[in-house]
Amino acid sequence: MNIFRIVPKRADKRKYEDSPYRDVLTILLFVFLLPYVISCLWGHIGEDTAVFSRQEEETEWLDLRYEIAVSGNWGKKKMTMQEYLIRKLQIVMPQEENGISCEPEALKAQAVLLRTELWSLFLSQELSKEGMLVIQDEALLYQDGETDIAESENPYREAVLATDGIFLSYAGKPVKAAFFPVSSGQTRNAAEALQSDQYPYLAGAECGQDIMAWNYQSQLILSKKEYLTLMENLFAVTAEQEDLWNGIEFLYDSAGYVTEAVLGDCRCSGETYRDALGLNSACFRAEWGEDMVTFRVKGVGHGFGMSQYGAARKAAEGDTFDKILTDYFFQAELLKIE
């Protein structure tokens with residue numbers, strides 16, 4: 001005896017199939033059940049969407065708690081920290097043709113550094129009467145060709161929201177959030193280069209991948225006349241007073257950057273010297289000829305903190321933003337703003 005049998009006897013089934021009420025019953029069953037099926041399927045989808053929307057709306061973004069007044073020569077614009085970071089991120093780490101600058105984890109690392117800089121200003125500067133931080137920033141105020149910061153697929157927005165409220169700290173305080181485009185092959189040690197113990201986290205890091213950057217090497221060639229004119233303005237002396245042509249001594253740090261340019265009793269920093277000549281970085285070697293001088297330069301920028309190119313390469317290889325930051329900032333840690 002099969003106690004699990006649920007199909008009627010064959011004779012009974014045949015009798016049911018011959019019934020004139022069979023089609024009517026089927027149609028009625030379909031009509032009554034169809035609304036239920038539809039409500040189950042579409043109802044659940046609607047519930048999921050509603051829950052997601054509520055979560056988005058109810059999220060308390062820490063970056064929205066703080067307001068900034070961006071000031072320029074021709075006006076002022078108020079915005080939240082979140083909006084400022086999204087817009088600023090577009091400027092300092094623009095998308096290149098090869099897209100390497102827009103690696104998501106590299107953008108997150110850069111967003112954290114920008115927020116760290118802002119948070120340091122909030123803690124150290126006097127705010128306006130409205131409780132806003134006032135920042136002079138012409139580039140951001142008159143930003144051209146900006147993307148819609150509300151777009152969900154905007155990579156800059158996604159990077160800022162993914163790191164909401166996070167800043168980089170050392171001993172509980174915001175670090176000096178230094179960054180630059182391309183290193184000479186390693187970042188600089190602040191204690192050595194600046195003769196200061198204020199930034200122990202800027203201890204220098206290997207950046208061998210930076211030699212692959214298209215702008216890793218550059219050079220500048222100047223005539224003797226052009227060079228002497230620049231040096232006279234820089235050192236406030238004349239060619240007759242000092243041996244400006246090839247009498248300047250350059251002092252270097254271990255990363256290969258010029259720390260000082262010395263001419264007799266006159267001195268200037270390597271950064272001041274490279275700015276006067278328009279060099280990509282202070283990591284250079286000068287070669288004097290009879291009537292020309294050639295500067296061979298490595299890297300772009302000051303060389304302290306995070307290399308943006310290096311961060312993008314690390315991200316492309318699978319490193320997360322927190323790993324990238326702790327590689328460049330020795331013994332630093334991530335905290336949330338209050």
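Below is a short write-up of the structure.

Reading the values: the criteria
- Residues numbered from 1 in each chain as written.
- Predicted model: local features only at pLDDT ≥ 70, side-chain atom pairs only at ≥ 80, totals over all residues.
- Heavy atoms only, no water.
- Buried < 20%, exposed > 50% of the residue type's maximum accessible area, 1.4 Å probe, protein only.
- Helix = DSSP H or I, 4+ residues; strand = E, 2+ residues; numbered from the N terminus.
- Contact = heavy atoms within 4.5 Å.
- Polar contact = N/O pair within 3.5 Å; in protein donor to acceptor, adjacent residues only side chain to side chain.
- Pairing = 2+ DSSP bridges.
- Axes fitted to C-alpha atoms, helices over the stretch in contact; angles between N-to-C directions.
- Core = buried A, V, L, I, M, F, W, Y, C linked by side-chain atoms within 4.5 Å.

This part covers helix α6 (residues 155-162). Of the positions making up α6, those classed as buried are Y156, R157, A159, V160 and L161. Residues of α6 that are buried make contact with α3 (81-92) and α4 (104-124). You can read the cap of α6 off the contacts: a side-chain oxygen lies 2.9 Å from the backbone nitrogen of Y156, and it is on N154.

A sheet is described by the order of its strands in space; here 3 strands give the open sequence β2-β1-β3, paired in mixed fashion. The open sheet has two free edges, formed respectively by β2 (75-80) and β3 (133-136), since each of these has just one partner strand. This sheet shows a mean twist of 25° between the axes of neighbouring strands, independent of strand direction. Where strand β1 (residues 67-72) lies against β2, 6 bridges are found, and the strand directions are antiparallel. Bridge pairing links E67 to T80 in β2. Along the sheet, α3 makes contact with β1, β2 and β3, crossing β2 at roughly 110°. α4 rests against β1 and β3 of the sheet, and its axis sits at about 125° to β3.

Looking now at unusual backbone geometry. A positive phi is found at A171, a non-glycine position, where the angle reads about 55°. You can see A171 is positioned in the loop between β4 (166-170) and β5 (173-174). Not every positive phi belongs to a glycine, and A236 is a case in point at roughly 55°.

With that out of the way, let us pick up the nonpolar core. Among the nonpolar cores identified, the biggest contains 55 residues, and I68, Y84, M306, L325 and F329 are the most heavily contacted of them. Examining the composition of this core, we find that 10 residues originate from one element, α4, more than from any other. In contact with Y84, other than residues within four places in its own chain, are I68, V70, M79, L118, I135, D137 and L140.

Let's shift gears to the sheet that holds strand β9 (residues 258-263). Taken together, the 3 strands give an open sheet; going across it, the order is β8-β9-β10, and neighbouring strands pair in antiparallel fashion. Here the strands that pair on one side only, and so sit at the sheet edges, are β8 (249-252) and β10 (266-269). If you compare each strand with its neighbour and ignore which way they point, the axes differ by 20° on average. Inspection of the sheet shows β8 paired to β9 by 4 bridges, in the antiparallel sense. The residue of β9 that forms the bridge with F250 is A261. Helix α8 (residues 224-235) contacts β9 and β10 of the sheet and is inclined by roughly 100° relative to β10. Its contacts with the sheet put helix α9 (residues 270-277) on β8, β9 and β10, and the angle it makes with β10 is roughly 85°.

The subject of this paragraph is the side chain of D63. As for its position among the elements, D63 is in the loop between α2 (22-58) and β1. Side chain to side chain, D63 and R115 meet in a polar contact 2.8 Å long. Residue contacts for D63: discarding those within four places in its chain leaves T80, M81, Q82, L85, R115, V160, D164, G165 and I337.

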